[in-house]
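# Examination of the molecular architecture
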Amino acid sequence: MGEQITDTRMRRPVITARAAATFEPVGRSVATARAFVRDTLQGWGYADIVDDAVVLTSELVTNAVVHAGTAADVLCLRTDGGVRISVADRYPEREIPLQSTGPAMVHPDREGGRGLLLCGALAARWGVEYTTAQKHVWFHLDLPERPAGTRSAGPALPVDALPVADARVRVAVIQIDRGGCVTFWNEDAQDLFGYDPEQVIGKPLTDFAAWPHTPGTGTGIAEALQLSRWEGSYGIRGADGRVVPVYASHLRVRDADGEASTVCLLVRDHERAILQSPQRPPADAATSSEGRPVDPFEVFIGSPAPDDLDGLLQRTVERARDMLDGDAAYLLLATDDETELEVRASTGLPSARQRFARVPVEAGSGRYGSARMPAVHEDLTAVPGAVPLLAGTGMRSVVTVPLKVEGRLTGSLGVAAEGPARYTNEEALRLQFAADRIALAVERARLTELEKLRRGSLSFLVEASDLLAGTLDRDQTLALMAQMTVPTLATWCAVYTVADQASEPELSYVLHEDEDRIDGLKTLLMKVDPPEPVPTPGARVWTAPADAAHDAALRTSLRSLGLEESARPSKGPGATLATASAVGGETVVLPLVARNRVIGMLTLGKPTEEHFRQEILELAEDLSRRAALALDNARLYSERTAISQSLQRSLLPPELPDIPGVEVEVIYRAAGEGNEVGGDFYDLFPIRDGAYGFAIGDVCGTGPEAAAVTGLARHALRLLAREGFGGPAVLERLNAAILDEGARSRFLTLLYGELWPQPDGSALLKVVCAGHPLPLRLRQDGTVEPAAEPQPLLGVMDDLELYEQTVTLDPGDVLLCVTDGVTERREGTRMLGDDGLTDVLTTCTGLTAGAVAARVLRAVERFAAEPASDDMAILALRVPEVPAA
């Protein structure tokens, strides 16, 4: 044990990379730990020591999770001389056999302690360290020495297994300047293609190259010549017009003056083995330490693979970062139309700011304006803006590769470092190799997530449509719009409405998922000019709220530091800073367009530095279309209701006159939502000194035609009565006027009377009942009797012969006049009827006119549980009793 302790006290090696993981005390953790160490070392390029490291880790993790029964912490450290792996458990008091005791202490078939024996046999150095809470067992594996200068070598092969080439192998050497023109053409090129140097020097290589068109890529020979290194197949058109298939290796160089050029080595395609770089062993040919085939996807991701897209993407960027020893990594997924890339996972970058940020494909993370090709940037400061996502992050070098499935761009994977010139084409090849292995799994997981999202979106839209269709109230529609978007689609929402094309947008509703933020958000938005009501469909970014919030937060901070003379805000710095944080992310505006007119804007926002997913914006656009129609329907219904109610009020008397010696009470209840115009009406008006007219009627039907008849009747009654016509003459002339309306006419039931208060305290009435429910007279003794006889209704016959009847109301008598909405009140097959109304009136002896009308209304309402389906008008006239002398 002394040797191991001495080693641990030597100069600490430089650690160049690290990876750590914790495994729960369950049996499957041993296999998971093996996969973790295998993937880590393969990612670092240490395939030579993978097997020994996996065996040792497996034994030590088994000791921890199976025998010690605790979780195991595995730490892999890459140093300049090898790899150190440490396994820690939470059982420090357990007795550990020491190496110095010799292998005789542990039987080979016994599992306990066998890991330390293997450490002694396989590791260059190993040891055990204790703390109060953990026990660490570590081992160090040195890297095997390779012959100097050997990059790769293949085994000795029989002659018949060697690649076939012509007797004289010709390697064409062509040099291309920065403009793509040939500057050098060697003899082998002349022999292969038949051109003399003077025929081609100074001409573009594209004049001779037959470049294949690869589906799904925009890479041509001009782009390939700009890459630092390129290798592949194409054709050269010879002097005889025939295309010679060649295999080429391009290397971009620069001379002492800094001029860039490309050196191209070409051989016949069937002789490609001369130039072709050795292929890496295919991942699907790999086998595990147990001899079973290894899934090429798991070689990079590890096992078990995450079962959700976000977990898979996060694991991918972490493994890519570790594989290339980077400081940061990110993965972008392409939209369905392949026009934009959306950041879905990152490590080492401000994830809140980057997540769901979008960049265009053709001006995205590629070196030459495209994300469809692998790219290596040695120094981003030399090409500002080449990778927009890394702006302001401190990263200087980056390698990016595309993710493709069947030639279609599905994403982009990038690894970045803070130092310049960290990556070469070799790292790009390694990263592309990994990207090819995970592209299909990522696309499958993305499609699965998209399918779930679309199903959820469909359910969301169906429910939203039902809710919006269930109300015609404008304010409730606005509230529903906001409540459906927060927090499902956005953190906060504001709805602007536009009354007409000449009006400015008005802030109508504000909602935030945190109710404490609503007032501050509303105050902020009131200070910002509203967004322009543009009818263009789709979401557009609106920066005004975030800018205003930032300025307000800055001013608040200056006030709190005493750097600004203005007074401190009443709510303190916290309120403004919290509001700024709440609206500091991406804000988008969606137009609310209904019937080819912009009626408002739906504004959605995220908190600081957050972005919207493309799928969320598409869902919000669908919702905005439905919400716009619902809001416009509510507006139209509100306008219609307002017009209806205004017209209804115009058909009723504004106020009732005071009649000396007579108590008057009128109750009017319009049935139905919106109080449809037409229906029942009443009137009470002075005719001349000491004479008053009263009327109560019911027009057949509702709507504008019924309202026209109602207005005609009320105004004609007043006009004719004041001209001195008696009751029968008034109704006969009204009947003629109704019939003159032709097809627009409606028949009318009407009770019309004239009233004269008498000096002795009684009241004289003359009434005409034209098809209307008969008025009822309540005497002081409680008897109830009709006060008139039925006569024909109006609007049916041309020649009417009506007559009036005289009634005297003694002190204490009541005259009750109602419309058929009272007598025809139903519940099932039961109807209140005239008898029911008589029974109610019988109980009203001694009550005032107001009390009589209220009791009748209460009886009608209680007769059935359902709301009334017809208008009701109740007119009660009572002659008060003469007080005793």
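Residues numbered from 1 in each chain as written. Predicted model: local features only at pLDDT ≥ 70, side-chain atom pairs only at ≥ 80, totals over all residues. Heavy atoms only, no water.

Within the chain, the secondary structure is distributed over 21 helices and 34 strands. Residues classed as buried in the chain amount to 46% of the 885 residues present. Counted over contacts in the chain with a minimum sequence separation of 6, partners at least 24 positions apart contribute 62%. When the accessible surface of the chain is totalled, it reaches about 43,200 Å², and 51% of it is carbon and sulfur. (Helix = DSSP H or I, 4+ residues; strand = E, 2+ residues; numbered from the N terminus. Buried < 20%, exposed > 50% of the residue type's maximum accessible area, 1.4 Å probe, protein only. Contact = heavy atoms within 4.5 Å. Areas by Shrake-Rupley, 256 points an atom, 1.4 Å probe, with all protein chains shown as cover.)

Here we take up the sheet that holds strand S2 (residues 72–79). Pairing is antiparallel across the open sheet formed by five strands, whose spatial order is S1-S2-S3-S5-S4. Two strands lie at the open edges of the sheet, namely strand S1 (15–23) and strand S4 (125–130), each paired on one side alone. Here the average twist between neighbouring strands, direction ignored, is 15°. With eight bridges joining them, strand S3 (residues 82–89) and strand S5 (residues 135–142) adopt antiparallel strand pairing. Bridge pairing in S5 places Asp 89 opposite Lys 135. This element, helix H2 (residues 28–43), spans S1, S2 and S3 of the sheet and lies at about 165° to S1. (Pairing = 2+ DSSP bridges. Axes fitted to C-alpha atoms, helices over the stretch in contact; angles between N-to-C directions.)

Taken in spatial order, the six strands of this open sheet run S7-S6-S11-S10-S9-S8, and their pairing is antiparallel. Where the open sheet ends on each side, the last strands, each with one partner, are strand S7 (182–185) and strand S8 (209–210). Two elements, strand S10 (residues 243–254) and strand S11 (residues 260–268), share nine bridges in a ladder whose sense is antiparallel. Bridged to Ala 248 within S11 is Leu 266.

Here the focus is the packing of helix H20 (residues 833–842) against helix H21 (residues 849–863). Where H20 meets H21, the axes come as close as 10 Å, and the angle between the chain directions of the two elements is 135°. It follows from the interaxial angle that H20 and H21 lie oblique. Here the hand of the crossing between H20 and H21 comes out right-handed. Residues Leu 837, Val 840 and Leu 841 of H20 touch H21, and the partners they reach there are Val 852, Arg 855, Val 856 and Ala 859. Tallied by class, the residues present in the contact of H20 with H21 amount to six nonpolar, no polar and one charged. (Parallel < 35°, antiparallel > 145°, perpendicular 65-115°, else oblique. Left-handed = near helix turned anticlockwise from the far one by under 90°. Nonpolar A, V, L, I, M, F, W, Y, C, P; charged D, E, K, R; others polar.)

Our focus in this paragraph is unusual backbone geometry. Residue Val 486 is joined to Pro 487 through a cis peptide bond whose omega torsion reads 0°. As for its placement among the helices and strands, Pro 487 is situated in the loop between helix H12 (474–485) and strand S18 (492–497).

We now examine a nonpolar patch on the surface. A contiguous nonpolar patch, built from Leu 157, Val 159 and Leu 162 and spanning about 310 Å² of accessible area, is present on the exposed surface. Of note, Val 159 is situated in the loop between S5 and strand S6 (172–177). (Patch = residues over 30% accessible without salt bridge, like charges linked within 9 Å, V, L, I, M, F, W, Y side chains within 5 Å. Salt bridge = Lys/Arg side-chain N within 4 Å of Asp/Glu carboxyl O.)

A separate point is the confidence of the model for the chain. Averaged over every residue, the pLDDT of the chain is 79; the share at 70 or more is 81%. Residue range residues 94–112 is modelled with pLDDT below 50. Its contacts to residues more than four positions away, or to other chains, number 19 contacts. Residue range residues 280–289 is modelled with pLDDT below 50. Its contacts to residues more than four positions away, or to other chains, number 19 contacts. (pLDDT = per-residue confidence, 0-100.)

On to the nonpolar core, then. Formed by 51 residues in total, the largest nonpolar core has its most connected members in Phe 694, Leu 731, Leu 734, Leu 748, Leu 750, Leu 765 and Leu 794. Examining the composition of this core, we find that seven residues originate from one element, helix H17 (residues 704–722), more than from any other. Excluding anything up to four places from it in sequence, Leu 794 contacts Leu 731, Leu 734, Asn 735, Ile 738, Phe 747, Leu 748, Leu 750, Ala 770, Leu 800 and Leu 802. Judged by nonpolar contacts, the second largest core, of 49 residues, contains Ala 482, Ile 518, Leu 524 and Ile 616. (Core = buried A, V, L, I, M, F, W, Y, C linked by side-chain atoms within 4.5 Å.)

Within the fold, Leu 118 resides in helix H4 (residues 114–122). Classification of Leu 118 by relative accessible area gives partly exposed; the value is 24%. The residues contacting Leu 118, other than those within four sequence positions of it, are Val 55, Leu 56, Glu 59 and Ala 123.

Turning our eyes to something else, we now look at the pattern of salt bridges. Counting across every chain of the model gives 26 salt bridges. Arg 714 is paired through a salt bridge with Asp 683; the nearest N and O atoms lie 3.7 Å apart. Placement of Arg 714 in helix H17 and of Asp 683 in strand S24 (residues 678–688) is noted, with a sequence separation of 31 residues between them. This pair shows no difference in class: Arg 714 is buried, exactly as Asp 683 is. Across the pair Asp 813 and Arg 777 runs a salt bridge whose closest N-O atoms are separated by 3.0 Å. With Asp 813 in the loop between strand S30 (805–809) and strand S31 (814–818) and Arg 777 in strand S28 (residues 776–778), the pair connects residues that are 36 residues apart, well separated along the chain.

This part covers the packing of helix H11 (residues 425–469) against H12. Axis separation between H11 and H12 bottoms out at 10 Å; the angle between their running directions is 165°. Taken as axis vectors, H11 and H12 run roughly antiparallel relative to one another. Note on packing geometry: the crossing formed by H11 with H12 is right-handed. Together, Phe 460, Ala 464, Leu 467 and Leu 468 of H11 and Thr 477, Leu 480, Met 481 and Met 484 of H12 make up the contact between the two elements. Here the contact of H11 with H12 is built from residues that sort into seven nonpolar, one polar and no charged.

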